[in-house]
Structures are given as C-alpha cells and as structure tokens.
Amino acid sequence: MEKETIAIHAGYNKKQGNGEMSVPISQTTAYAFRDSEHAANLFALKELGPIYTRLTNPTTDVLEQRFAQLEGGAAAICTSSGQAAIFYAIANVAEAGDNIIISDKLYGGAVTLLTHTIKRFGISAKVFKSDDASNLEELIDDKTKAIFFESLSNPQIAITDVEKVVEIAKRHGVLTICDNTVASAALFNPISWGVDVVVHSTSKYTNGQGTAIGGIVVERDGLAEFFKANSNRYSHFTTPDESYHGLVYTDVPLPNFCLRIRLALLRDIGATQAPFNSWLLIQTLETLGLRVDKHSDNALEVAKFLESHPKVKAVNYPGLKSNKYYDKAQKYFKGGKASGLISFDVESFEEAKRIIDSVKLFSVVVNIGDSKSLITHPASTTHSQMSPEELVKAGVNPVTVRLSIGLENPVDLIEDLNQALN
Ligand SMILES: *Cc1c(COP(=O)(O)O)cnc(C)c1O
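Anyway, here's the lowdown on the structure attached to this text. Every value quoted in this text rests on a predicted model; they were computed, and no experiment measured them.

Looking now at the site of the ligand. The full set close to the ligand counts 15 residues, and Gly82, Asp179, Ser201, Ser203 and Lys204 are the nearest of them. Contacts to the ligand include Ser201, whose side-chain N or O atom sits 2.8 Å from an oxygen atom. One nitrogen or oxygen atom from the side chain of Lys204 is found 2.8 Å from an oxygen atom belonging to the ligand. Taken together, the residues of the shell around the ligand break down into 4 nonpolar, 8 polar and 3 charged.

Here the focus is the sheet that holds strand E12 (residues 400-404). Spatial strand order, E8-E9-E12-E11-E10: 5 strands in an open sheet with mixed pairing. The sheet terminates laterally at strand E8 (314-316) and strand E10 (363-364), the two strands that pair on one side only. Inspection of the sheet shows strand E11 (residues 374-376) paired to E12 by 3 bridges, in the antiparallel sense. Paired with Thr376 across the bridge in E12 is Arg402. Each of E8, strand E9 (341-345) and E12 is contacted by helix H13 (residues 288-308), which is oriented at about 10° to E9, the strand it contacts most.

Here helix H3 (residues 58-70) contains 13 residues, and its C-alpha end-to-end distance of 18 Å stays within 8% of the 18 Å for a straight helix at 1.5 Å per residue. Taken together, the buried positions of H3 are Thr59, Thr60, Val62, Leu63, Glu64, Arg66, Phe67, Ala68 and Leu70. Positioned one or two residues after H3, Gly72 has a phi angle of 70°, which is positive.

Here the focus is the environment of Ala89. Within the secondary structure, Ala89 sits in helix H4 (residues 82-91). Residues contacting Ala89, with those up to four places away along its chain left out, are Ile177, Val199, Phe257 and Ile261.

Let us now look at the nonpolar core. With 98 residues, the main nonpolar core has Leu114, Ile147, Phe148, Leu175 and Phe257 as its most contacted residues. Here this core gathers at least three residues from each of two domains, domain 1 (3-283) and domain 2 (289-421). Setting aside its immediate chain neighbours within four residues, Ile147 contacts Ile101, Phe128, Leu136, Ile140, Val165, Ala169, Val174, Leu175, Thr176 and Ile177. Grouped together as the second largest cluster of nonpolar side chains are 27 residues, Val302, Phe344, Val359 and Leu421 included.

On to the sheet that holds strand E7 (residues 215-219), then. Sheet architecture is open: 7 strands sit in the order E1-E7-E6-E5-E4-E2-E3, paired in mixed fashion. The sheet terminates laterally at strand E1 (75-79) and strand E3 (124-128), the two strands that pair on one side only. Averaged over neighbouring strand pairs, the angle between their axes works out to 20° when direction is ignored. The strands touched by H4 are E1, strand E2 (99-103), strand E4 (144-150), strand E5 (175-179), strand E6 (197-201) and E7; relative to E6, the strand with the most contacts, the crossing angle is about 160°. Its contacts with the sheet place helix H5 (residues 108-117) against E2, E3 and E4, and it is angled at close to 155° to E2.

Another point: the packing of H4 against H5. With their axes 10 Å apart at the nearest point, H4 and H5 run at an angle of 35° to one another. By crossing handedness, the relation of H4 to H5 is classed as right-handed. Contacts between H4 and H5 involve Gln83, Ile86, Phe87 and Ile90 from the former and Gly109, Ala110, Leu113 and Leu114 from the latter. Across the contact of H4 with H5, the residue classes break down as 6 nonpolar, 2 polar and no charged.

Thresholds, definitions, all that
Residues numbered from 1 in each chain as written. Predicted model: local features only at pLDDT ≥ 70, side-chain atom pairs only at ≥ 80, totals over all residues. Heavy atoms only, no water. Near = heavy atom within 4 Å. Polar contact = N/O pair within 3.5 Å; in protein donor to acceptor, adjacent residues only side chain to side chain. Nonpolar A, V, L, I, M, F, W, Y, C, P; charged D, E, K, R; others polar. Pairing = 2+ DSSP bridges. Helix = DSSP H or I, 4+ residues; strand = E, 2+ residues; numbered from the N terminus. Contact = heavy atoms within 4.5 Å. Axes fitted to C-alpha atoms, helices over the stretch in contact; angles between N-to-C directions. Expected span 1.5 Å × (residues − 1). Buried < 20%, exposed > 50% of the residue type's maximum accessible area, 1.4 Å probe, protein only. Core = buried A, V, L, I, M, F, W, Y, C linked by side-chain atoms within 4.5 Å. Domains from an automatic or database assignment. Left-handed = near helix turned anticlockwise from the far one by under 90°.

Printed below as a string of structure tokens:
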C-alpha cells in the first residue's frame, strides 16, 4: 500500500466490534481474562492480547501498526511524549558504563536528556558532526551502544548525512536511532536508508494541531539478527532477562526492540500514551501527507519572500537553492520538500525582539508543526538564561528569529511578516 492509504486504513479491522468507521477509543485501564489459563498465556506471550493499558491498548495498537507501516518498520510503540520515546530508545540498549554518540545539532530537550540526565544513570554522550559525520568513526568504542541524530534538526534546520552515518554504524555493528520529527514520516523514512530505529515527537507534525503530546519508537525488520550478530554489544537481547522469568528476547519471534521497551521499560517506568491521545493522533495521521506538503510549499514561499527582503540578513531553509542543505533535501526528502521550519537573521537583537512584538497572525509559541504559524526568538525566550558565549556554543544567534509555518494562505503570512519587518 502507498503511504496515503496506509495512513487511513492500516492496522484496523472494521469488521470487528460493531463495524465502527472511526477507530473506537478503548478508554479502559484493564481487560477481563477469559479464565486463569488465558491470563497465564498472555503473561507468558503464548497468546497475544491486552492485559493492562500501561502495556497495551487496542486504540494505541492501531496507531502503532499504522505508524510502523508508514515508516516502513516492523513494529512501533507509543509513549506519552517525544522525550519519553528518546529516553526509552536509549535506555533499551545502554546502561551504566556505556556511551552513546549524539549529533551536534539536536532539539534542546534531547540535549539536556542525553548529556545531563542520562549521565546521572552512568551513560555518557560523545558528540559527532552531523553535517558530514567526519569525526564519527573515531568516537566508536566497545561500549558505544547507539548513534543518535535528527534527520532534519530542530532548531538548527540542518540535515544529517544519513547515508554516511549508517555506513559507519553498520561497519561497527552499532545501532542507529533517528529522530524524524521535523521531516515527518510523510517526507522521509530513515529505515529505507538503513537506519535501525526511528523516534518521533508525535506532538508536532503528526498531531499537527497542537492538541496532544505523544511519542513513538519504530524499529526496522531484522533487529533480532542484528543483536545476535553483535551479541557482545547487545547482550540484553541475547541473554536471559531475569526480570521476565529468563526471557531471551532474540528467541521471541516478535520485533525485539519494541518488545523489550514494552515488557521492561513501559512496564517499569510507565510513560504510556493515553488512549484518547492515540485516538486524536489516528485522526490527524490521516492528513499527514497533505499537511506536510502544504507546510513545505508555504514555507518555501515565505522563505523566498524573506530572502528578497532588504532587512533580512540571512535565511535558513533547505528548500532554497542558496541553502547549504539544499542538495541533501533533494536527495533524502520526498519531492525535495523541506517541511515547515525557517529561521532568519536580522540586524540586531533589538530588531529581532521588535519583529516578534509586531506580528499579528503569527503566535509567539515554543512549539512547531501546528496548523497555526508560530514565531519565536530563542535568544530572548528559551535560551535567555545563557551568556553570549553559551548562546554561540548552542548555535543560538541573538539576531535569529525562528518560524514554524502553518497552513494559512501564504499571502497572509507574507503580508504579516512584511508589516512586522517594515
Ligand atoms: C519537540 C521535540 C521533541 C520532544 O517531544 P515532546 O513530545 O515535546 O516530548 C523531540 N525531538 C524533536 C526534534 C522535537 O522537535
């Protein structure tokens, strides 16, 4: 099936239940077992079925199957937020004494999680240059458990050299994890480029209307073979899990990565997605392709306008021919479209603040991927606690304004920016 069809039909059998055309919301905590044998079979994985909503839920299950197919993966698992998805993907393979290698261009929440919070769990992070992966190989050692990067990064709007990262990782038998939130499953599918695990904050383009927080982890087919071939690095998957009566994950004929997140991490830490949020995301996923195409087309028009404006010093949008990531956008993303994030530089810090205070249609919001256009000035808001030196290190320029272009008519967006700039 093609993506547009998958997004509307996959993972749901309308012949079950009452034939509901809209996937029903299973707003329930637990599920009655037929008898004690049924219960025992479910816990022993001899039979598959819902036990308790912290672990599985029929509504969430539809979203998981649909999203897995959309990304070309073998399985997916929903989490309560994008941050939880990233944490689970890392904690599924790394423990105290291990290290991970992360991109130098990541979402701020991922940076604090992966460099500060997991350090307190004994997992350290090394940083590679995602533009060309030139220093990646030298950072890999016996304790390296994952390489983590964003396909199209937020807020830097940079595109990783995915092909090179995957080539190096495969040669060393190290797992690759790609955060595909900004490019979205509509424009890019990391698994088709050989990436092992994909994570998303579904709060952004997948939701598209700013109504729910959610996350998802997707794994490629064949990870059991990968773990067996690299069993020194990934012994959690190939040796008995004492917390699950000695289960060896690679012996189970189910996609191993999501299985272990479900049976160990979701069970113990419990960042489960609420069924109602799964239902909301099932609705919005239906239009993901249409929306991301429009976000991209609108953003290109706005970027071209900004590039032509005398008060704008620089525009960063990979859909522009002048952009350093243009060739990568053409290579990796469907139709060369580059999603909805743009940043641009003006003369001064004060001028950037003045523009934020002058827009009428854009909302000043620290979110992205909404149908409503959003504007932020990172230096005076999200990064305002940093010194000028720290801002430079974090790649946050005091004169930079960031836009998340929505689904309004671009004529109105350009008119609003024009009046704010003048
Ligand atoms: C927002 C975002 C996250 C975090 O997702 P939440 O759903 O807010 O927890 C992770 N990665 C990227 C690229 C994001 O934009």
